[in-house]
Amino acid sequence: MRADAALVAVPGAGQNTGMTTDTAPLLDCVERLTGSQPAWTILWLHGLGADGNDFAPIVPDLVRPGWPALRFLFPHAPVRPITCNGGMRMRGWYDIIDLSADNLFNRADEAGVLQSVAQVEALIAREAERGIPPERVILAGFSQGGAVTLAAGMRRTTPLAGLIALSTYVPAMHKAEAAFQAGAERQPLFMAHGRFDPVVPFVAGEQSCALMQRLGFQVEWKQYPMQHQVCMEEIRDLGDWMQALFAGATR
């Protein structure tokens with residue numbers, strides 16, 4: 001597993017499919033392969049201020065013997081000013097206007113979220129061109145990346161293989177049901193959160209999980225005694241969930 005992995009930067013251009021949005025250019029990505037002929041793609045979105053390299057090291061800890069060959073894509077979010085950080089420019093999937101607890105589910109710049117959803121859809125479309133259809137694409141994200149994952153997932157008219165949302169929340173929750181597309185709930189969903197998260201409060205994850213369940217999603221919900229981070233127990237649980245997903249696809 002570790003010896004087979006290759007790490008390369010992948011630029012490109014393409015257009016989005018799977019939902020009605022404007023054409024979006026392809027983002028540059030870090031790409032890691034676990035075999036020479038990948039049959040599945042894991043598209044993983046980083047958090048605010050990080051980049052595509054942030055979660056690339058997780059591959060050897062996550063991937064298990066016997067899994068199909070995977071293509072991990074870790075895109076770099078665009079650089080943009082972030083209002084809550086004094087307008088500092090950094091990589092982010094959307095602007096964050098307000099970090100106050102009273103504005104928890106409305107802190108995200110909605111236009112920025114939709115722009116990022118379109119960019120994710122463009123990458124999914126490019127994977128179809130490379131021979132991996134949406135039903136063999138898993139969309140994952142941490143924090144801001146997880147928010148975009150949930151926003152994209154509930155808008156999908158063609159279901160993906162699964163969704164992974166870590167330490168995150170549903171952006172613009174009051175509009176989520178209106179954005180939901182019938183059939184999107186067929187996508188299995190893994191959600192996890194730290195009970196002591198000071199960045200995205202645990203209650204945000206709990207309430208977001210409850211919303212996704214109300215929309216009909218089958219949610220595997222996990223919580224851990226950690227802050228805004230990922231722990232080894234979480235990686236093991238995620239691996240178990242992915243193992244079941246791959247096993248179910250071969251039946």
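The following refers to the structure shown.

### Side note on unusual backbone geometry
What is expected of a backbone is that most residues other than glycine have negative phi and most peptide bonds are trans.
Here is step 1: In this model, Ser143 sits at a positive phi of 60°, which is unusual for a non-glycine residue.
Here is step 2: Counting through the fold element by element, Ser143 comes out in the loop between β7 (137-142) and α3 (144-155).
Here is step 3: On the basis of relative accessibility, which here comes to 9%, the residue Ser143 falls in the buried class.
Here is step 4: At Ala172, a residue that is not glycine, the phi angle is positive and equals roughly 50°.

### Quick look at the pairing of strand β2 (residues 29-33)
Here is step 1: Counting buried positions over the five residues of β2 gives four, a clear majority of the element.
Here is step 2: Pairing analysis gives five bridges linking β2 to strand β4 (residues 70-75), with the strands arranged antiparallel. Bridge pairing in β4 links Leu33 to Arg71.

### Overview of the nonpolar core
Here is step 1: Counting 47 residues, the largest nonpolar core has Tyr94, Leu189, Met212 and Phe217 as its most contacted members.
Here is step 2: Mapped onto this core, the elements with two or more residues apiece are β3 (40-45), α2 (110-129), β7, α3, β8 (162-166), β9 (189-194) and α5 (202-214).
Here is step 3: Apart from residues lying up to four places away in sequence, Leu189 is in contact with Leu150, Leu163, Ile164, Ala165, Met212, Phe217, Gln218, Val219, Glu220 and Trp241.
Here is step 4: Judged by nonpolar contacts, the second largest core, of 31 residues, contains Phe72, Ile164, Ile235 and Phe246.

### Looking at the pairing of β9
Here is step 1: Burial runs high along β9: six of the six residues are buried.
Here is step 2: The two faces of β9 match: Leu189, Met191 and His193 on one face and Phe190, Ala192 and Gly194 on the other face are all buried.
Here is step 3: Both β8 and β9 contribute to a ladder of four bridges, which runs parallel. Within the sheet, the bridge partner assigned to Ala165 lies in β9 and is Met191.
Here is step 4: Two elements, β9 and strand β10 (residues 219-224), share six bridges in a ladder whose sense is parallel. Note that in β10 the partner of Ala192 across the bridge is Lys222.
Here is step 5: In this fold, the crossover linking β9 to β10 by way of α5 has right-handed handedness.

### Some details on the pattern of salt bridges
Here is step 1: Per the counting criterion, the structure on display carries nine salt bridges.
Here is step 2: Residues Glu127 and Arg71 are paired through a salt bridge, measuring 2.8 Å at the closest nitrogen-oxygen approach. With a gap of 56 residues between them, Glu127 in helix α2 and Arg71 in strand β4 connect regions that are remote in the sequence. Grouping residues by exposure puts Glu127 and Arg71 together as buried.
Here is step 3: One salt bridge in this structure joins Glu127 and Arg130, with 2.7 Å as the shortest N-O distance.

Conventions used here
Residues numbered from 1 in each chain as written. Predicted model: local features only at pLDDT ≥ 70, side-chain atom pairs only at ≥ 80, totals over all residues. Heavy atoms only, no water. Helix = DSSP H or I, 4+ residues; strand = E, 2+ residues; numbered from the N terminus. Buried < 20%, exposed > 50% of the residue type's maximum accessible area, 1.4 Å probe, protein only. Pairing = 2+ DSSP bridges. Core = buried A, V, L, I, M, F, W, Y, C linked by side-chain atoms within 4.5 Å. Contact = heavy atoms within 4.5 Å. Right-handed = clockwise from strand over helix to strand, strands pointing away. Salt bridge = Lys/Arg side-chain N within 4 Å of Asp/Glu carboxyl O.

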